[in-house]
Amino acid sequence: AFLFDREKGVIVIPIALAGLLLGYQPQQADTFVLLLPLMHGDSGLALFAFIGGVSAAIGMVMICAIALSTMMVNHLLLPVIEQIAWLSPLKRFLLQLRWLAVFVVVLGGYLFDLLIGGSYMLVNLGLISFAAVAQFIPATLGGLFWRKGNLRGALIGLSLGFITWMYCLVLPTFIHSGWLDQSLLEQGPWGLSWLKPEALFNLDALDWLSHGVFWALAFNLMGYVVGSLAFVPGREEQ
């Protein structure tokens, strides 16, 4: 938190240290700001912190819902409307469609919390998401600095990278959450130990996150390079 936002980090660090020094478990870190004043009998301060947290959470939900609904309508729905003639009357109801998209986003978040909230996947979702964003690095840098890089190579690289990301990072979270058989992690699919999601090709010297990022980027980069060399870029790409 300190590296991400210095102002918030200055507040978070002493709260986190106080909670740990007073014997609270790291799993309770999200509630330290409420537990500390309650421990000292200051319910008013705890209520103040709770109201502030609720306000911040509602604000984030509103901003995310509006931003996502705008992107859904502008970049997903409008291109479909442009391609399908009988959907063209929907252009007159773009505002209402955005309201509907907000409802879908909020409902999707609620269902996600019901199904996944409190699970192993939710705890590690942020790290897994950052690993997914990292898959854009090879195509981005290659597009800037490598003249032979092209669209087909980028799509092949991204496809391989995201498949590997799903297999090495997302699949294990379903297993740890109890939704899939634990034997997939311990023995590998079909009993092939070199295909274990968290020890792919018997590489077990890295932690689960580094392992997944390494293999995803490796397959991504390999697909991008081989695909770009195998296909000739078009005139527009050149």
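This text follows the structure it describes.
Residues numbered from 1 in each chain as written. Predicted model: local features only at pLDDT ≥ 70, side-chain atom pairs only at ≥ 80, totals over all residues. Heavy atoms only, no water.

Visitor: Before we go on, may I ask you to explain helix α2 (residues 32-39) in this structure?
Guide: Note that an α-helix has 3.6 residues per turn; residues three or four places apart therefore point the same way. All of the buried residues in α2 are F32, L36 and P37. What you see down the axis of α2 is that its buried residues fit within an arc of 120°, all on one side. Phi for G41, located one or two positions after α2, is positive at around 75°. (Buried < 20%, exposed > 50% of the residue type's maximum accessible area, 1.4 Å probe, protein only. Helix = DSSP H or I, 4+ residues; strand = E, 2+ residues; numbered from the N terminus. Arc of directions from axis to C-beta.)

Visitor: Can you walk me through the packing of aromatic side chains in this structure?
Guide: Two aromatic rings are characterised by how far apart their centres lie and by the angle between their planes. For the structure on display, the rule yields 9 aromatic pairs. Taken together, a centroid distance of 5.8 Å and an interplanar angle of 20° make the contact between W194 and F201 stacked. Using a relative accessible area of 40% as the deciding quantity, one classes F201 as partly exposed. Each member of the aromatic cluster is reached from another via a ring pair, and the members are W194, F201, F214, W215 and F219. (Phe/Tyr/Trp six-rings, centres within 6.5 Å; stacked < 30°, edge-to-face > 60°.)

Visitor: Help me out: how do you make sense of the packing of helix α8 (residues 151-176) against helix α10 (residues 208-230) in this one?
Guide: Any two packed helices are characterised by the angle at which their axes cross and by the distance between the axes. Running from amino to carboxyl end, α8 crosses α10 at an angle of 160°, the nearest separation of the two axes being 7 Å. Between α8 and α10, the angle is such that the two are roughly antiparallel. The handedness of the crossing between α8 and α10 is right-handed. Partitioned by chemical class, the residues of the contact of α8 with α10 number 14 nonpolar, 10 polar and no charged. (Axes fitted to C-alpha atoms, helices over the stretch in contact; angles between N-to-C directions. Parallel < 35°, antiparallel > 145°, perpendicular 65-115°, else oblique. Left-handed = near helix turned anticlockwise from the far one by under 90°. Nonpolar A, V, L, I, M, F, W, Y, C, P; charged D, E, K, R; others polar.)

Visitor: I tried to follow the packing of helix α7 (residues 137-145) against α10 on my own but got confused; where do I start?
Guide: Where α7 meets α10, the closest approach of the two axes is 9 Å, and the angle between their N-to-C directions is 35°. Here α7 runs over α10; the crossing is right-handed. Between α7 and α10, the contacting residues are P138, A139, G142 and G143 on the first element and L217, N220, L221 and Y224 on the second. A per-class count over the contact of α7 with α10 returns 5 nonpolar, 3 polar and no charged. (Contact = heavy atoms within 4.5 Å.)

That's the geometry; what it means functionally is another story.
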